[in-house]
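Spelled out from the first residue to the last, the chains are:
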Amino acid sequence: MGAAPAPSIRILLVDDEARLTDLLKMELEVEGYDVVVASDGASGLFHARETPGPDLIVLDWNLPDFSGIDICQRIRTSGVTTPILMLTGHDDISDRVTALDAGVDDYLIKPFSIEELMARLRAMQRRAITFAAVNGDGPQPETLSVGNLSMNTITRDVYRGERMIQLSVKEYELLNFLMRGQGKVLERAAIMRGVWGENFYGDDNLLDVYIRYLRQKVESKDLPTLIHTVRGVGFILREEASASGS
C-alpha cells in the first residue's frame with residue numbers, strides 16, 4: 001500500500017458505522033497513522049478544533065446528529081484548515097459541488113477500496129506539505145490584483161472595484177490560483193491539480209462548473225472581461241480581450 005507515513009501523522013475519523021470505523025482504524029494504524037475516532041458530528045467537531053488538532057480528517061456525509069456538510073462548514077468557519085476527505089454515497093455533480101463548497105478537499109464514493117483511501121490520504125498529506133512549504137513563515141503577499149479585481153489573501157476578501165464578492169471556499173481557491181497565474185494560459189490539468197490536488201479523481205466538468213460560478217460573480221457587462229477561455233487548452237485571467245475567444 002506504499003510507504004508508511006511518519007508516526008506523528010494524526011487522523012480524525014468521523015463516522016458512526018462501527019464496523020467500518022473499526023476496519024479503517026486498524027488499516028490506518030497498520031500504515032503508521034495515529035487515529036482518533038468520533039462516532040457523531042458533535043464529537044468530531046470538538047476533536048477537529050482541538051489544539052493541536054489532527055493532521056487529516058476523514059468525515060462521513062451521513063452522521064446521526066449533523067450532516068458531514070454541516071460539520072465541515074463549522075470546521076472551516078472556525079478557521080481550521082486541516083485537509084478533509086469526505087466519505088459519501090452521493091455521486092451527483094451537484095452533491096460534489098456542495099461538498100467542495102463546504103470546504104472538503106476531496107471525496108471518496110462508497111463503496112471504496114482501502115488502497116484508494118490510502119492513496120487519497122497520501123495525496124492530501126503531500127498537498128498540505130507543499131502548501132506549507134510555499135506559504136511558510138516568511139512574509140506573504142496580502143493582496144493580489146488584476147485590473148480592478150483584488151483579493152486579500154489574509155482576510156480572503158475579494159472586491160471588483162468597490163463591490164465585495166462573496167465566494168465559496170472552492171470558488172476562492174480557484175480564483176486565487178487564476179490570479180497567481182495571471183497573464184498566463186493555465187491548462188485545465190494544471191488548474192485541477194492546483195485547486196483539487198494532484199490525485200483528484202472527480203469529474204473534470206467540475207472545473208467548468210466553477211468557472212461559470214466565478215464568471216457570474218466576478219464579471220459584469222459594464223466592466224472588462226477578466227476570465228477568458230482558451231479553447232482546447234484552459235483559461236487565462238487578464239483584463240484585456242482574449243484573442244483566443246471567451
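The rules behind the values
- Residues numbered from 1 in each chain as written.
- Predicted model: local features only at pLDDT ≥ 70, side-chain atom pairs only at ≥ 80, totals over all residues.
- Heavy atoms only, no water.
- Buried < 20%, exposed > 50% of the residue type's maximum accessible area, 1.4 Å probe, protein only.
- Helix = DSSP H or I, 4+ residues; strand = E, 2+ residues; numbered from the N terminus.
- Pairing = 2+ DSSP bridges.
- Right-handed = clockwise from strand over helix to strand, strands pointing away.
- Salt bridge = Lys/Arg side-chain N within 4 Å of Asp/Glu carboxyl O.
- Phe/Tyr/Trp six-rings, centres within 6.5 Å; stacked < 30°, edge-to-face > 60°.
- Contact = heavy atoms within 4.5 Å.
- Expected span 1.5 Å × (residues − 1).
- Arc of directions from axis to C-beta.
- Core = buried A, V, L, I, M, F, W, Y, C linked by side-chain atoms within 4.5 Å.

> Report on the pairing of strand E4 (residues 84-88), specifying residues and quantitative values.
Buried residues dominate E4, accounting for 5 of its 5 residues. Inspection of the sheet shows strand E3 (residues 56-60) paired to E4 by 4 bridges, in the parallel sense. Each residue of the ladder has a partner; that of aspartate 60, found in E4, is leucine 87. As for the winding sense of the linkage, the β-α-β connection from E3 through helix H3 (residues 68-77) to E4 is right-handed. Bridge count between E4 and strand E5 (residues 106-109): 4 bridges; the pairing is parallel. Bridged to methionine 86 within E5 is tyrosine 107.

> Run through the pattern of salt bridges, naming residues and quoting values.
Enumeration over the complete set of coordinates arrives at 12 salt bridges. Note that arginine 10 and aspartate 55 form a salt bridge whose closest N and O atoms lie 3.4 Å from each other. One end of the pair, arginine 10, is in strand E1 (residues 10-14); the other, aspartate 55, is in the loop between helix H2 (41-48) and E3, and 45 residues separate them in sequence. With a relative accessible area of 29%, arginine 10 lands in the partly exposed category. Judged by relative accessible area, aspartate 55 falls into the partly exposed class, the value being 27%. Taken together, the shared-partner salt bridges in this structure form one network comprising Asp15, Glu17, Asp60 and Lys110.

> Describe the packing of aromatic side chains, and please don't skip the residues or the numbers.
In this structure the tally under the stated criterion is 1 aromatic pair. Their ring planes at 80 degrees and their centres at 5.6 Å tell us that tyrosine 210 and tyrosine 213 sit as a pair that is edge-to-face. Linking tyrosine 210 with tyrosine 213, this pair stays in helix H8 (residues 205-218), spanning 3 residues, or about one helical turn. On the basis of relative accessible area, tyrosine 210 is assigned to the buried category, the value being 0%. Owing to a relative accessible area of 25%, tyrosine 213 belongs among the partly exposed residues under this scheme.

> Account for the environment of valine 218, naming residues and giving values.
Relative to the helices and strands, valine 218 is located in helix H8. With 43 residues separating them along the chain, valine 218 and leucine 175 place their C-alpha atoms 9.6 Å apart. Non-local contacts of valine 218, meaning those with residues more than four positions away in its chain, are made with Leu149, Arg160, Arg163, Ile165, Leu175 and Leu226.

> Describe helix H1 (residues 18-30), naming the residues involved and giving the relevant values.
Taking 1.5 Å of rise per residue, the 13 residues of H1 would be expected to cover 18 Å, and the 18 Å separating its terminal C-alpha atoms lies within 8% of that figure. Every buried residue belonging to H1 is among Leu20, Thr21, Leu24, Glu27 and Leu28, and all of these are buried. The arc that holds the buried residues of H1, viewed along the axis, is 135 degrees, so those residues lie on one side. Relative to its buried face, H1 has exposed residues pointing more than 90 degrees away, namely Arg19, Asp22 and Val30. Downstream of H1 by one or two residues, glycine 32 has phi in the positive range, about 105 degrees.

> Residues and numbers for the nonpolar core, please.
Counting 49 residues, the largest nonpolar core has Leu59 and Leu174 as the members making the most contacts within it. Take this core: its biggest share by element is 7 residues, from H8. Ignoring anything within four residues of it in the chain, the contact list for leucine 174 reads Ile191, Val195, Leu207, Tyr210, Ile211 and Leu214.

> A description of the sheet that holds strand E11 (residues 227-230) should follow, citing residues and the corresponding values.
The sheet built from 3 strands is open, its strands ordered E10-E12-E11 with antiparallel pairing. One side of each edge strand has no neighbouring strand; the edge strands of this open sheet are strand E10 (186-187) and E11. Direction of pairing for E11 relative to strand E12 (residues 234-237): antiparallel, over a ladder of 4 bridges. When the sheet's bridge partners are listed, histidine 228 is paired in E12 with isoleucine 236.

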